[in-house]
Amino acid sequence: MGIDIETIKKIANLAAISFEENELEGFARDFDLIIGYMEQLSKIDTGDIKPMEHVLPVQNVFREDEDTNQNNRDELIKCAPVSENGCYIVPSVVES
Amino acid sequence: MSILNKTIKETSELLRARKIGVVELTREYIKKIEKDNENINCYITVCEKEALDAAEKAQKLIDEGEASPLCGIPAGIKDNICTEGIRTTCASKMLENFIPPYSATVVEKLLGQGAVVLGKLNMDEFAMGGSSENSIFGPVRNPWDNTRVAGGSSGGSAAAVSANMACFTLGSDTGGSIRQPASFCGVVGLKPTYGLVSRYGLVAFASSLDQIGPLAKDVTDCAIILNAIAGFDPMDSTSVNKEYEDYTQDLEKGVQGIRIGLPKEFFDIGLDDDVKEAVLNAVRQLEALGGKAYEVGLPSIKHSVPAYYIISSSEASANLARYDGIRYGYRSSKARDISELYRLSRGEGFGREVKRRILLGTYALSSGYHDELYKKALKVRRMIFNDFNNAFENCDVIAAPSYPVASFKIGENIQEPLKMYLGDIYTAGVNLAGLPGLVVPCGRDKNGMPIGIQLIGKAFSEKLLLRVGYALEKAVGTFRPGEGN
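What you see is a predicted model; the values in this text were computed from it and never measured. (Residues numbered from 1 in each chain as written. Chains lettered and ligands numbered in written order. Predicted model: local features only at pLDDT ≥ 70, side-chain atom pairs only at ≥ 80, totals over all residues. Heavy atoms only, no water.)

Chemist: Would you mind showing me how to read the interface of chain B and chain A here?
Modeler: Interface size is often expressed as the accessible area that is lost when the parts come together. With 65 residues of chain B at the interface, the matching set in chain A holds 50 residues. For the pair chain B and chain A, the two sides together bury roughly 5100 Å², of which 73% comes from carbon and sulfur. For the pair chain B and chain A, the interface holds three salt bridges. Among the ionic pairs, Arg352 of chain B bridges to Asp30 of chain A, the shortest N-O distance being 3.9 Å. At the boundary of chain B with chain A, the tally comes to 15 residue pairs in polar contact (both at pLDDT 80 or more). If one sorts the elements of the side of chain B that touches chain A by residue count, helix α13 (residues 370–391) of chain B sits on top with 13 residues. (Contact = heavy atoms within 4.5 Å. Buried area = accessible area lost by both parts, 1.4 Å probe. Salt bridge = Lys/Arg side-chain N within 4 Å of Asp/Glu carboxyl O. Polar contact = N/O pair within 3.5 Å; in protein donor to acceptor, adjacent residues only side chain to side chain. Helix = DSSP H or I, 4+ residues; strand = E, 2+ residues; numbered from the N terminus.)

This is the structure:
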């Protein structure tokens, strides 16, 4: 299948990534080539093979319900590009 | 011979014999970095003050008779491994000013042994790439030939060891990112078995594939570093709880009777003649030492590149969703609402290759393509896993190339992402199957560039891999730029 600019726009929207208009064509061209190559997967006869998400038998790891970390809220907030009074700042999400 | 040429083992002996002090040694390395980094560009951040402080502490430990072989040894850390108080950029605008509030477990372990962290090493952005050109700090240059790439994504980690700008380094490997640059720069690199080394504090790319591992001047050093960083970590839910092993113990046991598998699929087509000859010659050396070579089959390995790129990009698209411009990392100043804040921060903060991978993963996971691409890739992953298991019924280690060519020029492949992806054919399958892979220098191509053989082992067979690597290294010698070997 062909990947066009509209498909790129749609996926970019799902991934929440902005693109400059002039970037889109190059992206679509590369993407078309890459997806075209990856689509060889759909032709492989995998029979009744089960999907393998992980090489290890991954399971939930539990620990005793005890305090382990100190309260390092101030330190974590310091990583934010914008903060105020110990809170993260986001643009208004509720219309006034 | 300069102190900077010496291995961990040799340097440690000199420190203990008081032939040199840790502070003086650290200053020598910093001087070397100041002199050569402008050219090689392997360091993103040099932390001179922290290094000298750590050096003083390490000297005290040595004076008190501390036994750790890494005590006082100057090291570099790939810049996707968190270091408390020292910025960790992932070579991305997204994390250009990120100062982690904690250190990765591997860093804590190295510091706990008295190692001296010199700084943070350049790489492909978020470890996505095979040339260390996808970096906002510019490409890493290969110390053997500055017009060539150092490989990637741990290009800075490989170049720093090769150029004597660190005694050893840590890198990370998701589809070949330790092994391929180790081959390009003529150093030893190990991608450990999945679960052997804690990933806590490694900035996540593809969580079911990522592993941290060492890059070093020789196999012995590699074993010494693995001794320090391996082991169970409750902070990593995929960390495997198994008994402690001393990886230096079996090094000298030789390869008598060891069965070496040669996958015919790896030597058929698309492999540069010089690389093929160097790898097969290395196998002949192992045979001369008592090893036995057999042909083995990995029939599904030809699908490893598409399966790897679908799986790793899908995982990346989920892992990198955390970069929202709010809690940490880059934040666009142009956003008018919350949705724009996400989209613009990510659009402006991520580089081209990272965006491409996130889009590829988003596409593979999206409705209508999930079964055809993602689920199918997971099935192919199991086929590859089974292939390796079958092959290991007839051999103890598999010998393979690390990359189709010895090296390439800066700028040569950067405009052709698919061509770049195809180069991962010998390495990505190893990550899909969770196996260990060790690269040891074994020859040079017609341009004089180093070539590394890749030795692949069963899960948790690092001891045997290092033993075979050690025997080979003794037979072919180590490879350093400018030494004319």
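Chemist: Please clarify how the pattern of salt bridges should be interpreted in this entry.
Modeler: A side chain with one charge may pair with a side chain of the opposite charge, provided their charged atoms come close. All names here are of chain B. With the rule as written, the count across this model stands at 26 salt bridges over all chains. The closest approach of N and O atoms between Lys120 and Asp79, which form a salt bridge, is 3.1 Å. Of the two residues, Lys120 is situated in strand β3 (residues 116–121) and Asp79 in the loop between β2 (74–78) and α4 (105–112); the sequence distance between them amounts to 41 residues. For Lys120, a relative accessible area of 0% translates into the label buried. What makes Asp79 buried here is its relative accessible area of 0%. A salt bridge links Asp272 to Lys446; the nearest nitrogen and oxygen atoms lie 3.7 Å apart. One end of the pair, Asp272, is in the loop between α8 (264–267) and α9 (273–288); the other, Lys446, is in the loop between β12 (437–444) and β13 (450–457), and 174 residues separate them in sequence. (Buried < 20%, exposed > 50% of the residue type's maximum accessible area, 1.4 Å probe, protein only.)

Chemist: Mind showing me how you'd approach the nonpolar core here?
Modeler: Residue and element names in this part refer to chain B. Of all hydrophobic cores here, the largest spans 182 residues; its most connected members are Phe126, Phe388 and Ile453. Ranked by residues supplied to this core, first place goes to α13 with ten residues. One finds Val149, Tyr403, Phe408 and Met420 within the second-largest nonpolar core, a separate group that totals five residues. (Core = buried A, V, L, I, M, F, W, Y, C linked by side-chain atoms within 4.5 Å.)

Chemist: Is there a simple way to think about the packing of helix α1 (residues 5–14) of chain A against helix α2 (residues 21–38) of chain A in this case?
Modeler: Helix-helix packing is characterised by the crossing angle of the two axes and by the distance between the axes. All names here are of chain A. At their nearest, the axes of α1 and α2 sit 9 Å apart, and the two run at 100 degrees to each other. When the axes of α1 and α2 are compared, the pair comes out roughly perpendicular. Along its contact with α1, which presents Ile5, Ile8, Lys9 and Ile11, the element α2 presents Glu21, Leu24, Glu25, Phe27, Ala28 and Phe31. For the contact of α1 with α2, the residue count by class is seven nonpolar, no polar and three charged. (Axes fitted to C-alpha atoms, helices over the stretch in contact; angles between N-to-C directions. Parallel < 35°, antiparallel > 145°, perpendicular 65-115°, else oblique. Nonpolar A, V, L, I, M, F, W, Y, C, P; charged D, E, K, R; others polar.)

Chemist: So what exactly am I meant to see when it comes to the packing of aromatic side chains here?
Modeler: Geometrically, a pair of aromatic rings is defined through the distance of the ring centres and the angle of the planes. One pass over the structure, following the stated rule, counts 16 aromatic pairs over all chains. Look at Phe184 of chain B and Tyr403 of chain B: their rings are 5.1 Å apart centre to centre, the planes differ by 85 degrees, and that puts the pair in the edge-to-face class. Placement of the pair is Phe184 of chain B in helix α6 (residues 179–185) and Tyr403 of chain B in the loop between β11 (397–401) and α14 (417–422), with a sequence separation of 219 residues. Summarising the burial analysis for this pair, Phe184 of chain B and Tyr403 of chain B share the class buried. An angle of 80 degrees between the planes, with centres 5.8 Å apart, marks the rings of Tyr323 of chain B and Tyr328 of chain B as edge-to-face. Tyr323 of chain B gets classed as buried once you look at its relative accessible area, which sits at 3%. Through a chain of ring-to-ring contacts, three or more aromatic side chains come together here, namely Phe98, Phe126, Tyr323, Tyr328 and Phe350 of chain B. One Lys or Arg, Lys355 of chain B, reaches over the ring of Phe19 of chain A and ends 5.2 Å from the middle of that ring. (Phe/Tyr/Trp six-rings, centres within 6.5 Å; stacked < 30°, edge-to-face > 60°. Lys NZ or Arg CZ within 6 Å of the ring centre and 35° of its normal.)

Chemist: Hey, could you run me through the side chain of Glu353 of chain B in this one?
Modeler: Residue and element names in this part refer to chain B. Summarising the element assignment, Glu353 is placed in helix α12 (residues 352–365). Accessibility expressed as a relative area gives 9% for Glu353, which makes it buried. Of note is the side chain of Glu353, whose polar atom sits 2.6 Å from the side chain of Arg357. Contacts of Glu353, omitting those with residues within four sequence positions, involve Met128, Asn134, Pro417 and Tyr421.

Chemist: What exactly am I supposed to notice about the packing of helix α10 (residues 304–319) of chain B against α13 of chain B here?
Modeler: Residue and element names in this part refer to chain B. The N-to-C vectors of α10 and α13 enclose an angle of 125 degrees; their axes lie 9 Å apart at closest approach. Between α10 and α13, the angle falls in the class oblique. Of the two elements, α10 crosses α13, and the hand of that crossing is left-handed. Contact residues: Ser304, Ala307, Ile310, Ile311 and Ser314 in α10; Leu373, Tyr374, Ala377, Leu378, Val380, Arg381 and Ile384 in α13. For the contact of α10 with α13, the per-class residue count stands at nine nonpolar, two polar and one charged. (Left-handed = near helix turned anticlockwise from the far one by under 90°.)

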